[in-house]
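# Structure assessment
Residues per chain are reported as follows:
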Amino acid sequence: MAVKADDVRHPDQIEDDFDWEAVAEGEPVDAETHHTLNLAHRAVAKFPELKGHYKAYAGAVAVVSSAATLMAAVAITRKTKRGMSAGQAFASLTAADIEAAVHVAARDQRYKRLLRKLKLRRSKKS
């Protein structure tokens, strides 16, 4: 089916009448997680090269993948666990820290899997 050029509307011309409040499912996040996610969104905005690298396309709209936000949240959380305040962690955050967060999270998951396997082996021997 052919579409005439006159029938095509720009996304800015389309009115959003979707009820976003009705869709709110799931648990609300606690205040600390909410604050960390806000910092993560700001961190992704701080590094435009990350935005370009983790860009996903949803139809005609380009959006930053949630993986970039998650990696930034992990990087900020790592810095705050080392004793920095949230503001200091955000100020000292680099793109390399965000990229390294992927490897740290994967390594942490490998350790957890290994510990689960060892625990299962011990329980089978008993």
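Residues numbered from 1 in each chain as written. Predicted model: local features only at pLDDT ≥ 70, side-chain atom pairs only at ≥ 80, totals over all residues. Heavy atoms only, no water.

Turning our eyes to something else, we now look at the packing of aromatic side chains. Under the counting rule described, the total for this entry stands at zero aromatic pairs. The lysine or arginine in question, Arg 42, covers the ring of Phe 90, its NZ or CZ lying 4.4 Å from the ring centre. (Phe/Tyr/Trp six-rings, centres within 6.5 Å; stacked < 30°, edge-to-face > 60°. Lys NZ or Arg CZ within 6 Å of the ring centre and 35° of its normal.)

Attention now goes to a positive patch on the surface. Together, Arg 107, Arg 110, Arg 113, Arg 116, Lys 117, Arg 121, Arg 122, Lys 124 and Lys 125 make up a region of like positive charge exposed at the surface. Within the secondary structure, Arg 116 is located in helix 5 (residues 95-125). The partly exposed category is assigned to Arg 116, whose relative accessible area is 48%. (Patch = residues over 30% accessible without salt bridge, like charges linked within 9 Å, V, L, I, M, F, W, Y side chains within 5 Å. Areas by Shrake-Rupley, 256 points an atom, 1.4 Å probe, with all protein chains shown as cover. Salt bridge = Lys/Arg side-chain N within 4 Å of Asp/Glu carboxyl O. Lys, Arg positive; Asp, Glu negative; His and termini not counted. Charge placed at Lys NZ, Arg CZ, Asp CG, Glu CD. Helix = DSSP H or I, 4+ residues; strand = E, 2+ residues; numbered from the N terminus. Buried < 20%, exposed > 50% of the residue type's maximum accessible area, 1.4 Å probe, protein only.)

Next up on the list: a nonpolar patch on the surface. Taken together, the side chains of Leu 114, Leu 115 and Leu 118 make up a nonpolar region of the molecular surface, amounting to roughly 270 Å² of accessible area. In this fold, Leu 115 is placed in helix 5.

Here the focus is helix 3 (residues 66-81). End to end, helix 3 covers 22 Å across 16 residues, agreeing with the expected 22 Å (1.5 Å per residue, within 8%). Those residues of helix 3 that fall on the buried side of the exposure criterion are Ala 68, Thr 69, Met 71, Ala 72, Ala 73, Ala 75, Ile 76 and Lys 79. The positive-phi residue at the C-terminal boundary of helix 3 is Gly 83, with phi of around 110°. (Expected span 1.5 Å × (residues − 1).)

Mapping Lys 79 onto the fold places it in helix 3. A polar atom in the side chain of Lys 79 sits 3.2 Å from the side chain of Asp 97. Excluding anything up to four places from it in sequence, Lys 79 contacts Met 84, Ala 89, Ser 92, Leu 93 and Asp 97. (Polar contact = N/O pair within 3.5 Å; in protein donor to acceptor, adjacent residues only side chain to side chain. Contact = heavy atoms within 4.5 Å.)

Attention now moves to the packing of helix 3 against helix 5. At a minimum axis distance of 8 Å, the contact between helix 3 and helix 5 shows a crossing angle of 90°. By the angle class used here, helix 3 and helix 5 are roughly perpendicular. Here Met 71, Ala 72, Val 74, Ala 75, Arg 78 and Lys 79 of helix 3 come into contact with helix 5, specifically with Asp 97, Ile 98, Ala 101, Val 102 and Val 104. Tallied by class, residues from the contact of helix 3 with helix 5 come to eight nonpolar, no polar and three charged. (Axes fitted to C-alpha atoms, helices over the stretch in contact; angles between N-to-C directions. Parallel < 35°, antiparallel > 145°, perpendicular 65-115°, else oblique. Nonpolar A, V, L, I, M, F, W, Y, C, P; charged D, E, K, R; others polar.)

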